[in-house]
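# Architecture and fold: a report
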Amino acid sequence: MSAHEVTASDAPAPSGGYSQGIVAGSLLFLSGQGPFDPAGELVGPSIETQVRQVFANLDAVARAAGATLQDAVRVGVYLSDLEHFDEMDRVYREIFAEPRPARTTIQTALVGFDVEADAVVLLDA
């Protein structure tokens, strides 16, 4: 099985040595996206604004591979503080239809922003 890179110009460029996404077989692995617009600028301070931007970025990369974020089977969410969980979860429930992807949410030491997420997307869903 070969793997190939996926890039989306309407999501922020990687800030390090990684790909926005990698297709391997029928799966698309989306690298973590933060709350930055395509130019790399941090979006507003609210958790809601940040969560919406994070998932818009993931969706942009999924679309570049011919899928959408609605085809996600697993999502990882990383919060600067678990006090943001309820607000993140409210927005997440608006974004993802039933059945929602499997999800893990953890608190981590994000610097300068409050949320990041990655995902695994099923292609040809």
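This is a predicted model, so every value here is computed, not measured.

Here the focus is the packing of aromatic side chains. Summed over the entire model, instances satisfying the criterion amount to 4 aromatic pairs. For the ring pair Phe55 and Phe96, a centre distance of 5.5 Å and an interplane angle of 90 degrees mean the geometry is edge-to-face. Taken as a pair, Phe55 in helix 1 (residues 47-64) and Phe96 in the loop between helix 2 (85-95) and strand 5 (102-107) lie far apart in primary sequence, 41 residues in all. Take Phe55 and Phe96: they sit in the same class, and that class is buried. Ring centres 4.6 Å apart and planes at 40 degrees place the aromatic pair Tyr92 and Phe96 in the tilted group. Taken together, the aromatic side chains of Phe55, Tyr92 and Phe96 make up a single cluster linked through ring pairs. A cation sits over an aromatic face here: Arg103 above Tyr92, 4.3 Å from the ring centre.

To find the voids left in a structure, one rolls a probe of water-molecule size over its atoms. In this structure, the largest pocket encloses a volume near 220 Å³. Lining the largest pocket we find 13 residues, and of these Ala13, Ser15, Tyr18, Gly34 and Phe36 sit closest to its centre. Here the residues of the lining of the largest pocket sort into 6 nonpolar, 6 polar and 1 charged.

Conventions adopted
- Starting afresh in each chain, residues are numbered from 1 along the sequence in its written order.
- Where local features are concerned, this predicted model is filtered to residues with pLDDT of at least 70; where side-chain atom pairs are given and counted, the filter is 80 or more; whole-chain, interface and lining totals use all residues.
- To obtain the side-chain values, all non-hydrogen atoms of the structure were included, while hydrogens and water were left out.
- Aromatic pairing here means that ring centres of Phe, Tyr or Trp (its six-membered ring) are within 6.5 Å. Orientation follows from the plane angle: under 30 degrees is stacked, over 60 is edge-to-face, and everything else is tilted.
- Each helix is a run of H or I in the DSSP string that is no shorter than four residues. Each strand is a run of E no shorter than two, and both are numbered from the N terminus.
- Buried, partly exposed and exposed residues are distinguished by accessible area as a fraction of the type maximum, computed with a 1.4 Å probe on protein chains only: under 20%, between the cut-offs, and over 50%, respectively.
- Either the NZ atom of lysine or the CZ atom of arginine qualifies as a charge over a ring when it sits within 6 Å of the ring centre and within 35 degrees of the ring normal.
- Definitions used throughout: a 1 Å grid over protein atoms alone; a cavity as a set of points that fits a 1.4 Å probe which cannot get out; a pocket as an open set with protein on both sides within 12 Å along at least five of seven lines; a lining residue as one with an atom within 4 Å of a point.
- Grid points are joined across faces, edges and corners, and a volume is the space filled by probe spheres set on the points.
- Note on residue categories: nonpolar means Ala, Val, Leu, Ile, Met, Phe, Trp, Tyr, Cys or Pro, charged means Asp, Glu, Lys or Arg, and polar means any other residue, Gly included.

Function-wise, these values are silent; they only describe arrangement.
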